[in-house]
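Notes for the structure review
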Amino acid sequence: MLKAGHVPVFLFRNFQLNKVPMAKLNIFTTVYECLMTQELDAKVQKLQALQELWSEDAFEFTPTAEIHRVPDAGRPELPILVSPKDLPKRRLGSKEGQVALMHSIAHIEFNAVNLALDAIYRFQTMPRAYYQDWLGVAGEESYHFQMVREHLYHLGAEYGDLTAHNGLWLTTYETDHDPLVRMALVPRTLEARGLDVTPPMLQKLRAIGDKRGVEILKILLRDEIGHVEVGTRWFRYLCAERGLNPFNTFKEILENYYHGDLRGPFNIEARIAAGFCEDEIAWLTSIESQSAKAVAANKANA
Ligand SMILES: [Fe+2]
Ligand SMILES: [Fe+2]
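Residues numbered from 1 in each chain as written. Chains lettered and ligands numbered in written order. Predicted model: local features only at pLDDT ≥ 70, side-chain atom pairs only at ≥ 80, totals over all residues.

1. Looking at the overall build of the chain
Along its length, the chain carries 11 helices and 2 strands. Seen through its C-alpha atoms, the chain measures out along the principal axes to roughly 90 × 55 × 30 Å. Sorting the 302 residues of the chain into buried and exposed places 34% on the buried side. Of the contacts made within the chain by residues no fewer than 6 positions apart, 78% connect residues no fewer than 24 positions apart. (Helix = DSSP H or I, 4+ residues; strand = E, 2+ residues; numbered from the N terminus. Buried ≥ 20, exposed ≤ 12 C-beta atoms within 10 Å, placed from the backbone. Contact = placed C-beta atoms within 7 Å.)

What follows is the structure in structure tokens.
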């Protein structure tokens, strides 16, 4: 029952919307705040709010006066970050190994939220569809993170219990000067690597009877094809804008910036679905056969 003089909140909202148009929020400062948020649940909630605001057309896109470099994006105090060579190696066959695998996936997914947010914040003169795409990716990464975190919890662990490495964020940081380089190296190289390694992980999880783990990884694989495809689309867009040949440019960027070893086996089917062109697939296939020959030669010499 309404008291006399009480204005229901919904009427107040309507009044505000009709009479005084709400000032739009700046997309870049709002995304930056979410990017720098350290606490896990707060980051997830802020991201949900961002998506709702997007659907309400509540953002304006004026570039900010300054774009901060982000050597360390918002993340909780744990996990402790170590060099990749210092990560303990555990066999998947053991419970410890199962937990370690899920923990490393949770870490990738958490970082992937930050890298999608950074792709929005940092490159402030892209078309609006670019921001929509990356906000969609951020939402899916957050969903992945929560699923994996929950599964980890059922296995008796929490995200942060084990150590992790910072490779994904370092590449994100090192590519903060150019969206073309970012699209080539982060979605099209690092996330694309996820497409290659997921099928063997699925096999291992099936072998140990981790049904929920299998379900989660299948969702991740499906969605990650979409993320790599987003990277491909905007990589091609930027190549076209600059009059560059996409295939040669991709190879040049990998040669100049990629610290890792590009070797197979590649998930060719998933990479085609993610927009890799015929020339790229032929090139990857030749790398794959060269690395297979090198492995065979090493075995023969051992
Ligand atoms: Fe993901
Ligand atoms: Fe992703």
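2. A short note on the nonpolar core
Counting residues in hydrophobic clusters, the biggest one holds 53 residues, and the most contacted among them are V31, A116, L117, I120 and W134. Counting residues per element, the ones that place at least two in this core are α2 (27-36), α3 (40-55), α4 (95-122), α5 (128-154), α7 (179-207), α8 (211-242) and α9 (246-257). At 15 residues, the largest contribution of residues to this core is made by α4. Discounting chain neighbours no more than four positions away, the residues touching I120 are I27, V31, Y131, W134 and L135. (Core = buried A, V, L, I, M, F, W, Y, C linked by C-beta atoms within 7 Å.)

3. Observations regarding the packing of α7 against α9
At a minimum axis distance of 10 Å, the contact between α7 and α9 shows a crossing angle of 85 degrees. By the criterion of interaxial angle, the relationship of α7 to α9 is roughly perpendicular. Between α7, through V181, A184, L185, R188 and T189, and α9, the contact on the second element is made entirely by F250, I253, L254 and Y257. Residues that form the contact of α7 with α9 fall into these classes: 7 nonpolar, 1 polar and 1 charged. (Axes fitted to C-alpha atoms, helices over the stretch in contact; angles between N-to-C directions. Parallel < 35°, antiparallel > 145°, perpendicular 65-115°, else oblique. Nonpolar A, V, L, I, M, F, W, Y, C, P; charged D, E, K, R; others polar.)

4. Let's talk about unusual backbone geometry
Residues other than glycine predominantly adopt negative phi, and peptide bonds predominantly adopt the trans conformation. A cis amide bond links L78 to the next residue, P79, at an omega of 10 degrees. Cis rather than trans, the peptide bond between G264 and P265 has omega equal to 0 degrees. Among the secondary structure elements, P265 is positioned in the loop between α9 and α10 (268-273).

5. Topic: the environment of A282
Mapped onto the elements of the fold, A282 is located in helix α11 (residues 278-301). Residue A282 is classed as exposed on the basis of its 10 C-beta neighbours within 10 Å. Separated by 14 residues in the primary sequence, A282 and I268 place their C-alpha atoms 9.8 Å from one another.

6. Some points on α2
Every buried residue of α2 is accounted for by I27, F28, V31, Y32, C34 and L35. Along α2, the residues classed as buried sweep out an arc of 165 degrees about the axis, all on the same side. Buried residues in α2 make contact with β1 (25-26), α3, β2 (59-60), α4 and α5. (Arc of directions from axis to C-beta.)

7. Some details on the packing of α4 against α5
Between α4 and α5, the shortest axis-to-axis distance is 8 Å and the interhelical angle comes to 160 degrees. Considering the angle they form, α4 stands roughly antiparallel to α5. Remark: the crossing between α4 and α5 carries left-handed chirality. When the residues that make up the contact of α4 with α5 are grouped by side-chain class, the tally is 19 nonpolar, 4 polar and 3 charged. (Left-handed = near helix turned anticlockwise from the far one by under 90°.)

8. A closer look at the environment of I268
Note that I268 resides in helix α10. Taking the C-beta count within 10 Å as the criterion, I268 has 16 such neighbours and is therefore assigned partly exposed. For the pair I268 and S83, spaced 185 residues apart in sequence, the C-alpha separation works out to 30 Å.

9. Section: the confidence of the model for the chain
Confidence in the prediction of the chain, expressed as mean pLDDT, is 91, and 93% of residues score 70 or more. Across residues 1-19, confidence stays below pLDDT 50; counting only partners more than four residues off in sequence or on other chains, it has 4 contacts. (pLDDT = per-residue confidence, 0-100.)

10. So, the environment of Y121
Looking at the secondary structure, you find Y121 in helix α4. Judged by local crowding, Y121 falls into the buried class, with 25 C-beta atoms found within 10 Å. For the pair formed by Y121 and R193, sequence separation is 72 residues and the distance between their alpha carbons is 24 Å. Not counting residues within four places of it along the chain, the set of residues in contact with Y121 comprises F28, V31, Y32 and L35.

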